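Structural overview for review
The chain contents come next:
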Amino acid sequence: MVETVEYALAVLLLPVLAFGGLAMVQRKPQEAVFGRRSGLRPRLFLLLSFSCGCLAASAAVLVKRAGVEFAVLLWPLSLTLGAASVSMLLTYAPRTLGSVARPFMTLPQTMER
Amino acid sequence: MHPEFRATMTWLHTWAGVILGSVMFVMFFMGTLSVFKAEIDQWMLPQARLDPLKTPVSPDALYDAIREHVGDDLTSMRIVMPSKHFPAAVIYVYPESGGSRTLLLDPNRMEFQAPVDSAAARSFLYPMHYRLIPVPYGRWVSAVVAMFMLAMMVSGVVIHRKIFVDFFTFRPGRKLPRSSLDLHNLTSVLAMPFHIMITLTGVIILYNLYFLPSLNAVYPDSERPRLEIRHDLEGTHDTVPTGTANTGRIARIEEMAAQAGPYWGGEKLADIFIEHPDDQGGVVWLHKSLANQVSTHDRPILFNASTGRMLTTPQTTVAYTAQQWLSGVHMIFFDHWVLRWLYFLAGAAGCIMIATGFLYWIETRRKSHLRNKTPGVRIVESLAVWSVMGLMTATAAYFVVNRAFAPGLWSWQGILKPYLEIVVFYLVWVSALLHGWIRGKAAWGEQAWILGLLGTSAVVLNWTSTGDHVLKTLLAGDFAIAGMDLALLAGAIISIASARRIGKVRRQSL
């Protein structure tokens, strides 16, 4: 059971969060998630740090669970699965990424005033 | 980037894809299925659906049971020990009278099972991945196509102008050329690490095909230079019988395995090859299990069969060790369920990439070719229908025939069941080409309907012929059979949904 949870975390959840964060850096995915007129801008440093952190955590869990020999194969394939899942979410259910991505977005100062 | 360079790469990518796409799809599809070849084998051979091994089985007990069963007409035999993925012991017997037999043995009861009556995945679908059709030079064709696949990946990156901007883009609601190009880009870019890794390692596995002239130079007097280099790299050699009869039985295999233990780092015995067991010069090869390692190097150790003395220890060069690791990355003999599923999904992405590449080419040229009365689209479309829908339909028909003719029905009209399955596979596949040529665009939807019906029939026939339905196998924890049934059902549902959608689009366009 612990094994399954760890793999679900490292192979699916963390890469999805990482690529979800990276997608929010781009204009088109941002518009798909928050709408065209939201005016939200990504907090780049926070988003990129979060995404890199998730990727590193995924690699660490895989190395711990499967060993380096298998982790070097598992990790790139997990990234593919994560990126593909984000792509499907952006296509069919973009708003689901909104609640996760919202803390990493901000309104420009001019709009806040 | 120079526009002329990009144009050249576009030309290469387009035409290599159009000409070789069919072969690439066969390789990708069969490779993807081969990820679960042990599970498919269990589904296709109900006599191999056994309880998991309760206690470790003694190789000596297996050998004794086999000797009792096959008698003295024996040159050599191979015993594949039961594993988590395949609970039966598989025995290949090579009699002195020639030919070979494959036997299945239930290791819990030490009982031989019904004869193997299907080529299943291990002997048909998997070899098709690297040998295509059973002709002498099939491997050469797949080797050349693998090289082109690498070239297409590089050219694909060069011609994809918005590789990062369109990283997550998929617009299924747009017209077919746009949505198929989106899906082509998505599956190729996101799964690129896998595609590069699997193609490059595929090329590396076939090194002795590419460099055959150099092998001939190293072994000028040998008729089998590829075998010679393998012997030299592994530190192994052919054995010659002495002609002196071995009066007693062979030495205990368990003791040989105990001697091999220190060289195997605690791994279990997986594969035994016994040559000339009735001769004093007879030998036993022991190979370790590959379940917990990526490399395919199973560190074979040679023993004298009558004395049990170790004759050679595993010897490998650094280059060979590296080559075997890379081969292992491709062949996935390891036992890691998460990684196997990831390979399967990435392989499926490769299939989608090739199919959507075809669709994009066809749809962007359909009107102009029709207007100019050029046969290009018709030819490519029938090839695409044949290689994509036709191959999947033929594979589903292969499964249906396997389950329609129960194990007791060994022969039908004088045709043995394994041959019948293969004949039906090729008949359906060739028919798909003709159907694609005659029906053109309509063939996609029509074959999707047939595929859906065949997939469903295979699941129903498995239930009626063995009593194993999805719920039963799921509740019993028999995930190999349940997984196969569920995969067939999922494939059938996707096919029928696609067929309905294609039909709807066609009706709207009329």
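Up top you'll find the structure we're talking about.
Residues numbered from 1 in each chain as written. Chains lettered and ligands numbered in written order. Predicted model: local features only at pLDDT ≥ 70, side-chain atom pairs only at ≥ 80, totals over all residues. Heavy atoms only, no water.

The helix and strand inventory of chain A stands at six helices and two strands. Each helix and strand of chain A, placed in order from N terminus to C terminus, yields the pattern α-α-β-α-α-α-β-α. Projecting the C-alpha coordinates of chain A onto the three principal axes gives extents of approximately 50 × 30 × 20 Å. Counting only residues that meet the buried cut, chain A has 44% of its 113 residues in that class. Partitioning the intrachain contacts of chain A with sequence separation of at least 6 by distance along the chain shows that 75% fall at a separation of at least 24. Counting every atom, chain A has about 6,000 Å² of accessible surface; 67% of that belongs to carbon and sulfur. Averaging the coordinates of the 11 positive side-chain charges in chain A and doing the same for the 5 negative ones gives two points 17 Å apart. (Helix = DSSP H or I, 4+ residues; strand = E, 2+ residues; numbered from the N terminus. Buried < 20%, exposed > 50% of the residue type's maximum accessible area, 1.4 Å probe, protein only. Contact = heavy atoms within 4.5 Å. Areas by Shrake-Rupley, 256 points an atom, 1.4 Å probe, with all protein chains shown as cover. Lys, Arg positive; Asp, Glu negative; His and termini not counted. Charge placed at Lys NZ, Arg CZ, Asp CG, Glu CD.)

Residue and element names in this part refer to chain B. Between helix α2 (residues 37–44) and helix α4 (residues 121–131), whose axes approach to 9 Å, the crossing angle comes to 135°. One element, α2, and the other, α4, form an angle in the oblique class. In the packing of α2 onto α4, the handedness of the crossing is right-handed. Here K37, A38, I40, D41 and M44 of α2 come into contact with α4, specifically with A121, R122, L125 and Y126. For the contact of α2 with α4, a count of residues per class yields six nonpolar, no polar and three charged. (Axes fitted to C-alpha atoms, helices over the stretch in contact; angles between N-to-C directions. Parallel < 35°, antiparallel > 145°, perpendicular 65-115°, else oblique. Left-handed = near helix turned anticlockwise from the far one by under 90°. Nonpolar A, V, L, I, M, F, W, Y, C, P; charged D, E, K, R; others polar.)

All names here are of chain B. Taken as a whole, this structure holds 23 salt bridges over all chains when the rule is applied. Taking the shortest distance from any N to any O, the salt bridge between D41 and R122 comes out at 2.9 Å. Of the two residues, D41 is situated in helix α2 and R122 in helix α4; the sequence distance between them amounts to 81 residues. Judged by its relative accessible area of 2%, D41 is buried. (Salt bridge = Lys/Arg side-chain N within 4 Å of Asp/Glu carboxyl O.)

Moving on: the packing of aromatic side chains. This structure, assessed with the given rule, holds 24 aromatic pairs over all chains. Plain terms: the ring middles of F19 of chain A and F168 of chain B are 6.4 Å apart, the flat faces sit at 70° to each other, and that makes the pair edge-to-face. Of this pair, F19 of chain A sits in helix α1 (residues 2–23) while F168 of chain B is found in the loop between α5 (138–159) and α6 (176–190), placing the two residues in two different chains. One exposure class covers both F19 of chain A and F168 of chain B, and it is buried. Ring geometry for F425 of chain B and Y426 of chain B: centres 5.3 Å apart, planes at 90°, overall edge-to-face. Within the aromatic cluster, the residues linked to one another by ring pairs are W43, F124, W386, Y398, F399, F425, Y426 and W429 of chain B. Here K37 of chain B stacks its cationic end above the ring of Y126 of chain B, 4.3 Å away from the centre of that ring. For the cation-ring pair, R122 of chain B lies above F86 of chain B, with the distance from its terminal atom to the ring centre recorded as 5.5 Å. (Phe/Tyr/Trp six-rings, centres within 6.5 Å; stacked < 30°, edge-to-face > 60°. Lys NZ or Arg CZ within 6 Å of the ring centre and 35° of its normal.)

Residue and element names in this part refer to chain B. Together, I379, L383, V430, L433, L434, W437 and I438 make up a nonpolar patch on the protein surface, roughly 620 Å² of accessible area in all. The dominant element in the nonpolar patch, judged by the number of residues it contributes, is helix α15 (residues 417–439), at five residues. For W437, the location among the structural elements is in helix α15. Since its relative accessible area comes to 37%, W437 is described here as partly exposed. (Patch = residues over 30% accessible without salt bridge, like charges linked within 9 Å, V, L, I, M, F, W, Y side chains within 5 Å.)

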